[in-house]
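Inside the fold
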Amino acid sequence: MGFRGTISHFPDFDANSDAETLYNAMKGFGSNKEAILDLITSRSNAQRQEIRSAYKSLYGKDLIDDLKYELTGKFERLIVSLMRPPAYHDAKEIKDAIKGTGTNEKCLIEVLASRTNQQIHGLVEAYKDAYGRDIEGDVIGDTSGHFKKMLIVLLQGTREEDDVVSEDLVVEDAQELYAAGEERWGTDEAKFIMILGNRSVTHLQLVFDEYEKIAEKSIEESIKSELSGDFERLMLAVVQCIRSVPMFFAKCLYKSMKGLGTDDNRLIRIMISRSEIDMLDIRECFRLRYEKSLHSMIQDDTSGEYKRTLLNLCGGDDDLAGEFFPEAAQIAYKMWEISAMTKITLRGTIFPAANFDPASDSQALRKAMKGFGTDEDAIINIVAQRSNAQRQEIRQAFKSLLGRNLMADLKSELSKNLCRLILGLMMTPAEFDAKMMKKAMEGAGTDEHALIEILVTRSNQQIHEMNAAYEEVYKKSLEDDIKSDTSGHFLRILVSLVQGAREEGPADMDRAREDAQVRIREDIALADACNDDSSEMEMKFMSILCTRSFPHLRRVFQEFVRCTNKDVELIIKKEMSGDVKNAMFAIALLLCRPFGNGGNVLMNRAVPQGLGTDDRALIRIMVSRSECDLFNIRKEFKESHEASLHEFIQVEAFVVSLVLPVFCHLQ
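Residues numbered from 1 in each chain as written. Predicted model: local features only at pLDDT ≥ 70, side-chain atom pairs only at ≥ 80, totals over all residues. Heavy atoms only, no water.

- As annotated in an unreviewed UniProt entry, the chain carries the name Annexin and is attributed to Denticeps clupeoides.
- In the Sequence similarities (unreviewed entry) part of its UniProt record, the chain is described as follows: "Belongs to the annexin family."
- According to UniProt, the comment filed for the chain under the heading Function (unreviewed entry) is "May associate with CD21. May regulate the release of Ca(2+) from intracellular stores." (UniProt positions renumbered as here; feature names shortened; annotations may be inferred.)

Points about the overall build of the chain
- Check the secondary structure of the chain and you find 42 helices and zero strands.
- Across the 667 residues in the chain, those meeting the buried criterion constitute 52%.
- Long-range contacts, defined here as pairs at least 24 residues apart, represent 73% of the contacts in the chain between residues at least 6 apart.
- Split by element, the accessible area of the chain, about 29300 Å² in all, is 48% carbon and sulfur. (Helix = DSSP H or I, 4+ residues; strand = E, 2+ residues; numbered from the N terminus. Buried < 20%, exposed > 50% of the residue type's maximum accessible area, 1.4 Å probe, protein only. Contact = heavy atoms within 4.5 Å. Areas by Shrake-Rupley, 256 points an atom, 1.4 Å probe, with all protein chains shown as cover.)

Things to note about the packing of aromatic side chains
- Under the criterion given, the structure shown has 10 aromatic pairs.
- Ring geometry for Tyr-23 and Tyr-59: centres 4.0 Å apart, planes at 5°, overall stacked. Of this pair, Tyr-23 sits in helix H1 (residues 15–26) while Tyr-59 sits in helix H3 (residues 45–59), and the two are 36 residues apart along the sequence.
- Aromatic pair Tyr-254 and Tyr-290: ring centres 3.9 Å apart, planes at 10°, arrangement stacked. Of this pair, Tyr-254 sits in helix H16 (residues 245–257) while Tyr-290 sits in helix H18 (residues 279–290), and the two are 36 residues apart along the sequence. (Phe/Tyr/Trp six-rings, centres within 6.5 Å; stacked < 30°, edge-to-face > 60°.)

What to know about H3
- End to end, H3 covers 21 Å across 15 residues, agreeing with the expected 21 Å (1.5 Å per residue, within 8%).
- Restricting attention to buried positions, one finds in H3 the residues Asn-45, Gln-47, Arg-48, Gln-49, Ile-51, Ala-54 and Tyr-55.
- Residues of H3 that are buried sit in contact with H1, helix H2 (33–40), helix H4 (63–70), helix H5 (73–82) and helix H6 (86–98).
- Gly-60 sits one or two residues past H3 and shows a positive phi near 65°. (Expected span 1.5 Å × (residues − 1).)

A look at the pattern of salt bridges
- Taken as a whole, this structure holds 40 salt bridges when the rule is applied.
- Across the salt bridge formed by Asp-264 and Lys-74, the nearest N and O atoms sit 4.0 Å from each other. Remark: Lys-74 occurs in helix H5 and Asp-264 occurs in helix H17 (residues 264–274); sequence separation between them is 190 residues.
- Taking the relative accessible area as the measure of exposure, Lys-74 reaches 35% and is therefore partly exposed.
- Between Glu-442 and Lys-439 there is a salt bridge whose closest N-O contact spans 3.2 Å.
- The partly exposed category is assigned to Lys-439, whose relative accessible area is 35%. (Salt bridge = Lys/Arg side-chain N within 4 Å of Asp/Glu carboxyl O.)

What about the nonpolar core?
- Counting 176 residues, the largest nonpolar core has Leu-67, Leu-196, Met-271 and Met-584 as the members making the most contacts within it.
- Residues within four places of Leu-67 in sequence aside, it is in contact with Met-26, Ile-36, Ile-40, Glu-76, Ile-79, Val-80 and Met-83.
- Among the nonpolar cores identified, the runner-up in size contains seven residues, and Met-622, Leu-630, Phe-637 and Ile-649 belong to it. (Core = buried A, V, L, I, M, F, W, Y, C linked by side-chain atoms within 4.5 Å.)

Digging into H4
- Considered for burial, the residues of H4 that qualify are Leu-63, Ile-64, Asp-66 and Leu-67. Looking straight down H4, one finds its buried side chains confined to an arc of 160°; they lie on one side.
- At its buried positions, H4 is contacted by H1, H2, H3 and H5.
- Its side-chain oxygen placed 3.1 Å from the backbone nitrogen of Ile-64, Asp-62 serves as the N-cap of H4. (Arc of directions from axis to C-beta. Polar contact = N/O pair within 3.5 Å; in protein donor to acceptor, adjacent residues only side chain to side chain.)

Describing the environment of Arg-391
- Note that Arg-391 resides in helix H24 (residues 388–402).
- According to the relative accessible area criterion, Arg-391 is buried, its value standing at 2%.
- For the pair Arg-391 and Met-427, spaced 36 residues apart in sequence, the C-alpha to C-alpha distance is 8.1 Å.
- A polar contact of 2.8 Å, which involves the side chain of Arg-391, links it to the backbone oxygen of Arg-386.

As for the packing of helix H22 (residues 358–369) against helix H25 (residues 406–413)
- The interhelical angle for the contact between H22 and H25, taken along N-to-C directions, is 30°, at an axis separation of 11 Å. Regarding the angle of H22 to H25, the classification is roughly parallel. Crossing angle aside, the handedness with which H22 passes H25 is left-handed. Along the contact surface, H22 presents Leu-365, Arg-366 and Met-369, while H25 presents Leu-406, Asp-409, Leu-410 and Glu-413.
- Looking at the contact of H22 with H25 residue by residue, the classes come out as four nonpolar, no polar and three charged. (Axes fitted to C-alpha atoms, helices over the stretch in contact; angles between N-to-C directions. Parallel < 35°, antiparallel > 145°, perpendicular 65-115°, else oblique. Left-handed = near helix turned anticlockwise from the far one by under 90°. Nonpolar A, V, L, I, M, F, W, Y, C, P; charged D, E, K, R; others polar.)

Comments concerning unusual backbone geometry
- The phi torsion at Asp-12 lies on the positive side, around 55°, for a residue other than glycine.
- Inspection of the secondary structure assignment puts Asp-12 in the segment before H1.
- Given a relative accessible area of 77%, Asp-12 falls into the exposed group.
- Despite not being glycine, Lys-475 shows a phi value in the positive range, around 60°.
- Relative to the helices and strands, Lys-475 is located in the loop between helix H29 (460–474) and helix H30 (478–485).
- What makes Lys-475 exposed here is its relative accessible area of 68%.

Some words on the side chain of Thr-302
- Within the secondary structure, Thr-302 is located in the loop between helix H19 (294–301) and helix H20 (304–314).
- With relative accessibility at 10%, the residue Thr-302 sits in the buried group.
- A polar contact is formed between the side chain of Thr-302 and the backbone oxygen of Ile-298, at a distance of 2.7 Å.
- Setting aside residues no more than four positions away along its own chain, Thr-302 makes contact with Leu-267, Lys-307 and Leu-310.

Considerations on the packing of helix H13 (residues 201–215) against helix H15 (residues 229–243)
- It is at 9 Å that the axes of H13 and H15 come closest, and there the two elements cross at 105°. Here H15 runs roughly perpendicular to H13, going by the angle between their axes. In contact with Val-201, Leu-204, Gln-205, Phe-208 and Glu-212 of H13, H15 contributes Val-239, Ile-242 and Arg-243.
- Classifying every residue of the contact of H13 with H15 gives five nonpolar, one polar and two charged.

In structure tokens form, the structure reads like this:
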């Protein structure tokens, strides 16, 4: 594919002239930081080494020592690191990761899982030269268990080269991995280490495809269920690098900048190490996964000369037209294929209580609400440890035994968010969805996000039951209320979804190719279609997204990438606007990450983004997903945030956190 970095050899390079420029930039009082960063980020690493030698010859001083003296903070770290040869930079990162009392396992994983054999050999030699020590011995002394064993395997730099592929061995390796994990009680970690640590990249890519056919789940899912701790994280990193090194680093870069703080060491390490290798592909993978450019995230998350240097390494902001670079297009196609093939086991966090006695629970709830004050803990412990079906039996028993309406009693005894949460749990799923839809439309404003979230994520049966519950409670149809509260294309989308008429069943590949052509034929721009209310093409597009089965739509989006080399999610985001964009994007997001939509809503709307917590969204998602896929959402959330959903809620939503230990089992 040719050169994929953002930093290349500078034409008409003159090491002596550059050395003089740097010397003058640091001479006298203060230093010319812009001159330093502009020069260093426009030269390749090999040219920087020539500049360093010329500087020593001309001035009898070490350039790195002078840079350390003149610069400070993160900017100094970044510039000095750029001046080291790649192998010595990696060696210092490893040394820093294992020195002192603690170990930076993230750094060890990132570096050793992603480097080629040649890079590993260079690292080992540079470490010995720089520190007079054996890197393998230092790693052994600072790590343990299977994590240590896999690191040592990677440090050998003996992975088979990509031309080593045996078709017979592909099937055998896939079967052995399955037998070592999913098929047995316990896990044969040594088998995972041997295969994942030694086979060639191309060979393992074929093994992973074969494994999915055997296990009916991805190798990543098996690793998550079979392994744990740093060893699990290391093996996942190895798998991710086998699939796509640029996507692996895109994820690492996102994690280094998201949230309230920035992991500057990680950000610096990646931007430097990939700037002359595959930064263009990393940028595209970043955009593919996070719907924003790496450039814009660096721009928002850093400042000063430090930011300018990082942006120079990034190499510019990506065009938002939706075009993919070759590597990213291949990854996007593969992502949709994996999404279409993978069978995901959805798991809730609430299960029916053993030895359930609705009469006893009714008496206990009445006791918790009698007299002066309310025993909220007792109410939480009962309600949050029963399935919804059991809660309905409790409601009936409360009425039969005590002649009282449990919902009315709870409403009078509890307050604010705890009241909303407990009452939501006590409703049937259909009643709860109906109430959430009503709340989203009542009053002066409309909560379009809630309408989209509910209608996009519910099955046909759930939508039918919600419609019936809505009409029974509010004496009018949900469809009529939607029509009176929304308009235009957004109204048409919601009305289509509220029919609960989405097709079910597998994909039809011929039809998927035809559906993909709707956005390709005659190169009709989505922007034009969106602005034309009579556009048949736009209506056809919405009809496909709102009525085709999810397995079918995954194949449609895969075919779209193959035929156009474009990202349908980014096109929706760029060319559509307002509520129509949000609805279409929610469908695309649900297709790509089937159990991630709730987790992403939690991230974007419910958990803090500097403006507080959206308690209604948080309660809505936690209640509605607790018996469906909250366990999966929890895992997706932790993978994206490197912090558990439990930790986020405990800090930001006190009332909901009271229920977490028993309601979500998130510890």
